[in-house]
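Coordinates in review
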Amino acid sequence: MSGWLRRHRGLIPYLFLLPGGLWLIVFFLVPIVTMASVALQEGSLGTGYRLTFNFGIFPEAIARSDTQLIRSLLFGLIVTALALLIGYPMAYTIAFRGGRYKSILLLLVILPFFTSFIIRTISWQFILADNGFLLGTLKGFGWLDERFRLLATPIAVISGITYNFLPFVVLPLYVALEKIDHRLIEAATDLYASRLQAFLRVTLPLSLPGVFAASLLSFIPAVGDYINAELLGSRNETMIGNVIQGLYLVNNDYPRASALSLILMVGILISVFIYIRVLRGQELTV
Amino acid sequence: MSDVQRTRLERAIARALRDERISRRRFLRQAGRGGLYAGGALSLPAILAACGIGPSGSPAAGASGAQATATPSPVGGGEPSGTLIFANWELYIDPGAGDDPQKSPTLAAFKDEIGVDTTYTENILDNQSFFATIQPDLEAGNPTGYDIIVMTDWMIGNMIRLGYLERMDVARDVPNFLANAADKYKDPSYDPSNLHSVPWQSGITGIAYNPALVDEEITSMAQLLDPAMIEKYSGQIGMFTEMRDSMSFALLHNGVNPEEATLADAEAARDTLLAQAPHVRDYYGNEYTDPFTRENLAITMAWSGDVFQMKFDNPDLQFVVPEEGAVLWVDNMCIPKGAEHPNDALAMMDYVYRPEVAAQMTEWINYICPVPAAQDIIRQHAAEAESAEDREYLEAVAESELVFPTEDMLSRLHSYKVLDEEEERQWNELFDEVRQG
């Protein structure tokens, strides 16, 4: 065996790639191809599905769910921006000012993961209830109109998604900020940069790989999320994930559901591509 | 009886866990659905070329399909084997110690008397997703692992059409059903002559409202669709996400019997619902009880048994069978094709139609009992109750119109339309326009 390997030394990298490659084929390529095939089929559960290469399904699916597609991308953008605004100062504080509490603070960031995603979202229903802890108190003081509500509004859904994906933003930002050599910032201030200038011209650019990873890790799942819209929203917050779920599980319309899933994937890829172009020229990998 | 009066938080947590199970189920289900074509999927050319999903219930699809056309002989007629696997919805049987349905007194008595050991699971969360989990097995002609499952009337109709249910001879094997069930439950339109199913429990989809938040007395659907009313209660109105419930609601309002509705009627129903939609807070499933008890909703569509239970927390809550009528839905026991213990399943069906057994279960479940004779037995239990609290509770059950509806109420009740596959797709798409803004 070792003799064979010695003679075919060039094959070794491919052998190392084999497990990962197989994984991708079985769990990524096959499902994608299957989904593409289902999207191009026509029929119903009762009569069976036949592959008819019905490419018309794509414009049809977009036309019937354009509102939800645009809404999902928009919610994803808002969530990513909010999560960065909230997450960056958090990660910065932990990385530069955490001191010996660093690991405890990081544990606190991860702590919500010890509880199910669904239970955490349901607890928001309690917190935001029309006459619950928060709004009930404010209404009691007469600071809010009796009919004011947060549940079943875009605010509740966007807040819910932001809350749920915040740890995914904080952790990569922390890793990027933690790696920055403090002496560089000292050098900048030695060269008469103000603290703000040092941040803008040294710290921020050096943390951009973290910002990039953090945006992808929040934007992609946020666009596809349907739990928050289902539990905290109403019909006016229906996202593309809810539409796809309904098509698969309630309407049994597998072709349109598959087509929409593919469209969503392409939509996300295009958004990410634009994002990379905007950040072009920066070192994006840590 | 404090079992019934679960606290709000406990119920919310139960629901939360159930939602978790739904999402896991959805995941598994998609994996299972994938299995239908994954056989070909492992070789890429096969996918691209041949891949199609075989029709359900066609002769080519397997033994189950072939039997759908021929008249099969009924199962049963033999001795129980001693084992029964029962899949039901949650909170749908009197539980034993620790709220454990597996320790149900009814199941224990069934074992003592008939000698059948029941494995009871609460695996059914809704008709569609449960059907999806057993459909691949039924299609392949394999046993599903269940001997009795409980499905709502329209799904029974679907499963009969697909040839997925065993035929039964109720006269021979379930005599208590014929002797004790109310006439309303015999020979239903979704399963003529009860050849495949007998009811477990049933309920009414009506309107519930909270008088603390609503000035008017609510008596009709028209009030939930009236422009001035919906403007006044904008954002405090709940409707159901279940297509059949909300569409039937609008159909009844438009003066159409849902059982006979045409596509044009369904389109008109969609328009009725669309006019109301901007003022609807949301379209809810089972979880509507949370926003309703938390006073986020003032008026909502509701299921009768839930309201009966919510009244223990807040006696002011009202349930109304609207003037225009309402839908009486029936959840039925049936035997999936290829079940391994059909004689035990039939023994169970017969057993729960004994009035004293039906009474025992109804005292806990609080939905509409299909056995009218149970009412007197519950009255008797109330008279014999040891504590005043128990007596009060049992009297409330026995005298409730939500458990034993009056003739006047029953006369206003309809069924869902039995939709064929094409109609179901059309109706779903019409309702999607309402539900997804």
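Quick look at the overall build of chain A
- When helices and strands are tallied, chain A shows twelve helices and two strands.
- The C-alpha atoms of chain A give a radius of gyration of 24 Å, which is well past the 19 Å a tight globule of 286 residues would have.
- Seen along its three principal axes, the alpha-carbon backbone of chain A occupies a region of about 80 × 75 × 35 Å.
- Intrachain contacts of chain A at a sequence separation of at least 6 include 69% that bridge at least 24 residues.

Quick notes on the pairing of strand β2 (residues 117-124) of chain B
All names here are of chain B.
- Relative to β2, strand β1 (residues 83-89) runs parallel, the two sharing six bridges. Bridging from a neighbouring strand, Ile-85 pairs with Thr-119 of β2.
- What joins β1 to β2 is helix α4 (residues 105-114), and the crossover it makes is right-handed.

Some words on the confidence of the model for chain B
Residue and element names in this part refer to chain B.
- Here chain B averages 84 in pLDDT, while 84% of its residues score no lower than 70.
- In this model, residues 1-9 is a region of pLDDT below 50 whose contacts with residues beyond four sequence positions or in other chains number 13 contacts.
- Confidence drops under a pLDDT of 50 for residues 57-69, and excluding neighbours within four residues, the segment shows 28 contacts in the predicted structure.
- Taken together, the chains of this predicted complex give a pTM of 0.77 and an interface ipTM of 0.78.

Thoughts on the confidence of the model for chain A
- Per-residue confidence for chain A gives a mean pLDDT of 91; residues scoring 70 or more make up 97%.
- The secondary-structure element of chain A with the lowest mean pLDDT is helix α1 (residues 2-7) of chain A, recorded at 77, while helix α3 (residues 57-97) of chain A shows the highest, at 96.

Section: the domain arrangement of chain B
Residue and element names in this part refer to chain B.
- For chain B, the domain assignment lists domain 1 (54-195 + 330-399) and domain 2 (203-325 + 412-435).
- Computed from C-alpha coordinates alone, the two centres of domain 1 and domain 2 are separated by 28 Å.
- At the interface, nine residues of domain 1 touch ten residues of domain 2.
- Here the element with the most residues in the side of domain 1 that touches domain 2 is helix α6 (residues 153-161); it accounts for three residues.
- Class assignment of the residues belonging to the side of domain 1 that touches domain 2 gives a composition of five nonpolar, three polar and one charged.

Remarks on the environment of Asp-253 of chain A
- By the element assignment, Asp-253 of chain A lies in the loop between α11 (240-249) and α12 (254-278).
- Along the backbone, Asp-253 of chain A and Leu-151 of chain A are 102 residues apart, and their C-alpha atoms lie at a distance of 30 Å.
- Other than its neighbours up to four places away in sequence, Asp-253 of chain A contacts Leu-247 of chain A together with Arg-425 of chain B.

Each value, and the rule that gives it
- Residues numbered from 1 in each chain as written.
- Chains lettered and ligands numbered in written order.
- Predicted model: local features only at pLDDT ≥ 70, side-chain atom pairs only at ≥ 80, totals over all residues.
- Helix = DSSP H or I, 4+ residues; strand = E, 2+ residues; numbered from the N terminus.
- Rg over C-alpha atoms; globule rule 2.2 N^0.38 Å.
- Contact = placed C-beta atoms within 7 Å.
- Pairing = 2+ DSSP bridges.
- Right-handed = clockwise from strand over helix to strand, strands pointing away.
- pLDDT = per-residue confidence, 0-100.
- Domains from an automatic or database assignment.
- Nonpolar A, V, L, I, M, F, W, Y, C, P; charged D, E, K, R; others polar.

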